[in-house]
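Structural description and commentary
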Amino acid sequence: MKMRTMMPRAIGSWRSVALCATAILVYLVLVLPLVASSGKLLSLRILPEEPTLWGASAAQRFVLLGLYADGLERDVTSEARLTLSDDGIASMEEHGRLVARSNGTVTLRADLDGETAETRLTVSGAGEQRPFSFGRDIGSILTKRGCNTSDCHGSVKGKGGFKLSANALYPREDYKWIVEGGTYQVLSPESKGPKNPRVDFEKPQHSQLLLKPTMGVGHGGGQRFSVDSADYETIVNWIRRGAPFGEESEGESVRLVGIEVQPAEVVLDAQGRQQLLVTARLSNGRREDITSEVLYVSNNSEVVDVSSDGVVSAVNTGETAVMIRAAGFAVGTGFGVISELLDSYPQVEETNFIDRHVFAKLRKFNIIPSKLSDDREFLRRVCLDLTGTLPPPERVREFLADQDTDKRERLIETLFNTPEYVDYWTFRFADLFRVGHFLQPGPKFTDSYWEWVRDGVERNRPYDQVAMERIAGQGALGAPNHYFGTGGELPKPPDMMAEQIRVFFGRRLDCAQCHNHPYENWSQDQFWQLTAFFGQLTRAGDYGVDTVIYDDPEGHGQLGQGEKTRHPRTKELVQPAFLSGEPLSLEKLHDPRLALAKWMVSHPNFAQAAVNRIWSYFFGQGIVDPVDDFRLTNHPTHPELLAALAQEFRDNHHDVKHLVRLIVRSRTYQLSSEANETNQDDAINYSHRIPRPLDAEVLLDGISQLTGVPETYEKSATGAVLPDGIRAINIVRPDAFPTGFLNAYGQPSRQTVPERKVEPNLAQALHVLAGGTYNQKVSAEGGRVDGLVKKGASNDEIIEELYLAGLSRFPTERERTLLKTMITGAESRRKAIEDLMWGVIASREFAYNH
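Summary of the structure given here. Since we're looking at a predicted model, the values are computed, not measured. (Residues numbered from 1 in each chain as written. Predicted model: local features only at pLDDT ≥ 70, side-chain atom pairs only at ≥ 80, totals over all residues. Heavy atoms only, no water.)

Here we look at the side chain of Glu697
- Here Glu697 shows up in helix α20 (residues 696-707).
- Those residues in contact with Glu697, other than ones at most four positions away along the chain, are Phe427, Ala728, Ile729, Leu742, Gln747 and Arg756. (Helix = DSSP H or I, 4+ residues; strand = E, 2+ residues; numbered from the N terminus. Contact = heavy atoms within 4.5 Å.)

Structure below.
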C-alpha cells in the first residue's frame, strides 16, 4: 500500500524535474541570449496606465514594457511577477489579464530583475449589465472574423448574395440584410430577387449566419468559428431572443465612439514579439479593453506577422504598419524590425520639436542621422526651396566667407523678404489651386485669381482664411474663378466637392460616389451629403464678360436652371450634412458653402493635410504620402510629428511662413545628403537629405539663369504673347503656353489637382543631348559664356564662375586642374567653355536639389 501511494508522487516528482529541466533548457537556449544581448534592464512601465473597468465581468489585459540598455523596449509581460493588492476587487485569470469582481481600486505591481512598476485599476458598475447592441455585440464578431472585409461580404456588392457593410460601419443596414434578407443593388435601394433571411427563429442552429461560418454547409470563406466558441454562443442566443436590434428595445445603448491602440510605435529586434492592447472609447465616457474583439492585419507580412489575438512577431527587417479593425472603426500602429543594434549612439543636437520627433524615431531604429550640411549645400538647398532660384555667384562667395554663427537664420529671413519668395510660393499655391487652367474664361478672370493667390502669399494671410475664400467664394473675380468649367458651364457638384476635400483635407472620396467606400469608413450617403453643399452653386451673366458665381436656392447650374443634388441610389433630394451626420441648419441654407468652409478649417483634418503638403515641398514626400491620400492603410511615417506640426499650425493661426520657418531651421532639414553606414538605405525617416529632381519650371528657370539666356515661348492658340524674360514659374496660364521641355520634365496639367512625381524618361535624355534648351542656350550671344569670353576672363575665373552660378560651390582642385587642361588643349577655347557649361547644366548635381 505504501508503495502504491508513493508511486504517483515519485512519478509526479520525476515529471516535475523533467519539465523544470526543459524550461531551463528553453531559457538557456532562447531567452538568456536575448536578455544578455539586450543589456541591463533600465526601467519598466505598464500599459494601459490607470484604467477604469466598468460593467459586470469587465476585463483588462495589461502589457509590461521593459526599457533595456540597448535602447529597445521589449514586451516582458510573461517574464515578470505580477501581483494585486486586493484579489476581492479584481482577479488575474490569465497572466496579464484581470477580471473585475467588485467596485473599488486595486494596485497592480510588476517586478522583474530588480525593477518595479505599478498602476491603479478602478472598477465601477461591477453589478451592471451592459445593454445589448447589435452593432457592438454582433458587429464586432463579424469584423473580427473577417466576414465584412472588402474581399468578402464587405465588398461593394457583397459575396454569395449576402452584403455587409465594411467593418460593420452601418449596423442598421447589416441588421436588415441579416434579419430580412435580400440582395444589394448599387443603383437602387430595392432588393433584387427573393429575400432570404440569414436567421431562423424556429431553429436558430439552422440559421445561415451560423451554418456558413461553422462549415455546417458549404462556405467559400471557410470556417470562421466553431460551434463551441463564444462567438457561436453569442449569435445563437441573440437569435433565440428574437434577434433584437437592441438600441431601440433596450433604452440608451453603450456604443463605441473610437478606438486606440498601444503601444503606438514599436521597434522589434529579430526575435521580437509584442502584444498589442486595443481600447474602446464608449459613448458613456468609459473605456473598455477590446483586444480580443478586433481584427488584426499586417500591411506587410514579410516584415511582421500578427496573430488573431494581437501578438506581433518580427519576420524580416523593415518598416510597416499593423491595422486594427473594430466594429465601425479602424486604427493603425507602426512597426519596425531591426537586425543589428549599435554599441553606442551619439548625442545629436536638436533645434526644435521637429528634430525631437525625427531623431527619437531614428534612435529607436538604430539609425544615426547624417552630419549637418555644409554651407554650400545648405545655401543652394534653401534658396531653391524658398525662392525657386539659384543663388548668384557673388551671394555664394559672401555666404561662404561669412563666419557668423547665425548666418543661416539671417539668410532664411532675408529670403522670406524677397520678391522671389513671393513669386515662388505664388507658383506653388497657383499650381495646387489650379490657377489658369485652360478652361477658365479669359485673362481678366484668370489674372484676378492669380493675384488673389499672390496677395495671400505676399501678405502671409492665414491659410484658413485663404481656404475659406476658395471654398465659399462668391462674385466675379478672385477665388471663385476656380469654379469655372468647360465652355462656361460649372463643374458638377460631386467634382467640386471631391476637389475641395482632396486639397484641404488630403482625402480622396471619389470611390464613395457610387457606393460605400470598400476600404475606408466613407459612405455613399456622406459623399452626397457633402456634395449637397455645392448643389446651389450657380453662374449668372455672360461667360467671360460679367460672370458671377453665387449660391441660388433654386439649385445648381446657370441661373439656377440645374437640378438639385439627388442621391443616385435612392433618387431622393439630399440635404447638406457634415461628416458627423449633422445636417446644415435651415438658417444657413442660403450660404451653404460658407458653413462648409468654416467647418472644414476647424476640423483636425485641415491642419494635418496642410502641414503634410507643405512638409512635402521640402522633403519630396509627405509624412503621409501621397500627400492627398490619407487613409487607414497609408500609415504616417511619423504620426506624433504630424500631430505636433498640425497643433503648432493651429496654435499660430495657420501661419504658413511660421511653419516654413520651423521646417527650414530644423536640423532635420539641414542634414547633409551624404549618407552613413546606418542610414544609407533609409528612404522615409529623414536621416539624411535625399536629393530630388527640380520641378520642371524651376529647372527651366535655372538653366536660363545659369546660361544668361531667357526662355522664349510661342504664342498661345488665342494669339496671346508672354513678356520677354518671364520666368516659367510666373506664367499665369501654363496650359496656354506648353513646351516640349516642360512636358518632358513633368509639368502637370492644371485640369486636375497636380501630382509631380515624374521618373527619368527618354524624352528628358533627348532634350539633354539634342534639345535647344540645353544646346542652344550655352552658345547664344549675350549669354553668360559669351559675356565671359568677350570680357577676357581667365580659365580659372570662368570655371569658378560656372561652378558658383550652377552648383553653388567652388570647384575642387582636381576638377579645376582637369577642366583647365581640357580648355587649354581644345581646338576652340570657346567651344570647350560651352562644353563645360553644357556639362554643368546636364549634371545630376545641377538638376537636383540636394
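Some points on the pairing of strand β19 (residues 318-326)
- Within β19, 7 of the 9 residues are buried, which leaves the element mostly enclosed by the surrounding structure.
- Bridge analysis of strand β16 (residues 295-298) against β19 gives 4 bridges, and the strand direction is antiparallel. If you follow Ser298 over to β19, its bridge partner there is Val322.
- Counted between consecutive antiparallel strands, the loop separating β19 from strand β20 (residues 329-337) contains 2 residues, among which Gly328 sits at a positive phi close to 90°. (Buried < 20%, exposed > 50% of the residue type's maximum accessible area, 1.4 Å probe, protein only. Pairing = 2+ DSSP bridges.)

So, empty space enclosed by the protein
- Scanning the model with the defined rule gives 6 cavities of 30 Å³ or more in all.
- Considered as a void within the structure, the largest cavity measures approximately 180 Å³ in volume.
- Contributing to the lining of the largest cavity are 14 residues, with Phe429, Gly456, Val457, Arg461 and Val466 lying nearest its centre.
- Those elements that place two or more of their residues in the lining of the largest cavity are α10 (419-432), α11 (443-458), α12 (463-472) and α18 (656-665).
- Among the elements that take part in the lining of the largest cavity, α11 stands out by supplying 4 residues, more than any other.
- Split by residue class, the lining of the largest cavity holds 10 nonpolar, 2 polar and 2 charged.
- What the second largest cavity holds in volume is close to 80 Å³.
- As for the second largest cavity, its lining consists of Gly154, Lys163, Ser165, Ala166, Leu169, Tyr170, Asn516, His517, Pro518, Glu520, Asn521 and Trp522.
- Residues that form the lining of the second largest cavity fall into these classes: 5 nonpolar, 5 polar and 2 charged. (1 Å grid on protein atoms, 1.4 Å probe; cavity = no way out; pocket = protein on both sides within 12 Å on 5 of 7 lines; lining within 4 Å. Points joined across faces, edges and corners; volume = space filled by probe spheres on them. Nonpolar A, V, L, I, M, F, W, Y, C, P; charged D, E, K, R; others polar.)

Topic: unusual backbone geometry
- Of note, the bond from Leu47 into Pro48 is cis; its omega dihedral lies within 30 degrees of zero at -5°.
- Between Gln262 and Pro263 the backbone carries a cis peptide bond, its omega angle lying at -10°.
- The residue Pro263 is located in the loop between β11 (256-262) and β12 (265-268) in this model.
- Unusually for a residue other than glycine, Ala168 sits at a positive phi of about 55°.
- With respect to the helices, strands and loops of the structure, Ala168 is situated in the loop between α2 (134-144) and α3 (171-179).
- Judged by its relative accessible area of 5%, Ala168 is buried.

Observations regarding the sheet that holds strand β17 (residues 304-306)
- The strand order across the open sheet formed by 3 strands is β13-β18-β17, and the pairing between neighbours is antiparallel. The sheet terminates laterally at β13 (273-275) and β17, the two strands that pair on one side only. Averaged over all pairs of adjacent strands, the angle between their axes in this sheet comes to 20°, without regard to strand direction.
- Across 3 bridges, the pairing between β17 and strand β18 (residues 311-314) is antiparallel. When the sheet's bridge partners are listed, Val304 is paired in β18 with Ala314. (Axes fitted to C-alpha atoms, helices over the stretch in contact; angles between N-to-C directions.)

Topic: the state of the cysteines
- Per the stated rule, a full pass over the model turns up 0 disulfides.
- A disulfide-free cysteine, Cys147 has its sulfur positioned 6.3 Å from the sulfur of Cys152, the nearest such atom. (Disulfide = S-S within 2.5 Å.)

Section: the packing of aromatic side chains
- Evaluation of the coordinates by the stated rule reveals 34 aromatic pairs.
- Judged by centre distance (6.1 Å) and plane angle (45°), the rings of Trp425 and Phe429 are tilted. Of the two residues, Trp425 and Phe429 are both situated in helix α10; the distance of 4 residues between them amounts to about one turn of the helix.
- Here the aromatic rings of Tyr463 and Phe606 are separated by 5.6 Å at their centres, their planes lie at 20°, and the arrangement is stacked. Of this pair, Tyr463 sits in helix α12 while Phe606 sits in helix α16 (residues 604-619), placing them 143 residues apart in sequence.
- Against the face of Trp177 rests Lys176, its NZ or CZ located 4.6 Å from the ring centre.
- Residue placement shows Arg844 over the ring face of Tyr848; its charged tip is 4.1 Å from the ring centre. (Phe/Tyr/Trp six-rings, centres within 6.5 Å; stacked < 30°, edge-to-face > 60°. Lys NZ or Arg CZ within 6 Å of the ring centre and 35° of its normal.)

As for the nonpolar core
- Residues Leu386, Phe433, Tyr463 and Phe618 are the most contacted members of the largest nonpolar core, which totals 148 residues.
- Sort the elements by how many residues they give to this core and α16 lands first, with 9 residues.
- Filtering out sequence-adjacent residues up to four positions away, Leu386 remains in contact with Ile412, Leu415, Phe416, Tyr421, Tyr424, Trp425, Phe618, Val660 and Val664. (Core = buried A, V, L, I, M, F, W, Y, C linked by side-chain atoms within 4.5 Å.)

Looking at the sheet that holds strand β3 (residues 59-61)
- Taken together, 3 strands build an open sheet; the order of strands is β3-β8-β7 and the sheet is antiparallel. Each edge of the open sheet carries a strand with a single partner, namely β3 and β7 (90-94). Averaged over all adjacent pairs, the angle separating strand axes in this sheet is 30°, with direction ignored.
- In the sheet, β3 pairs with strand β8 (residues 97-100) via 3 bridges, with the strands oriented antiparallel. Along β8, the bridge assignment pairs Ala59 with Val99.

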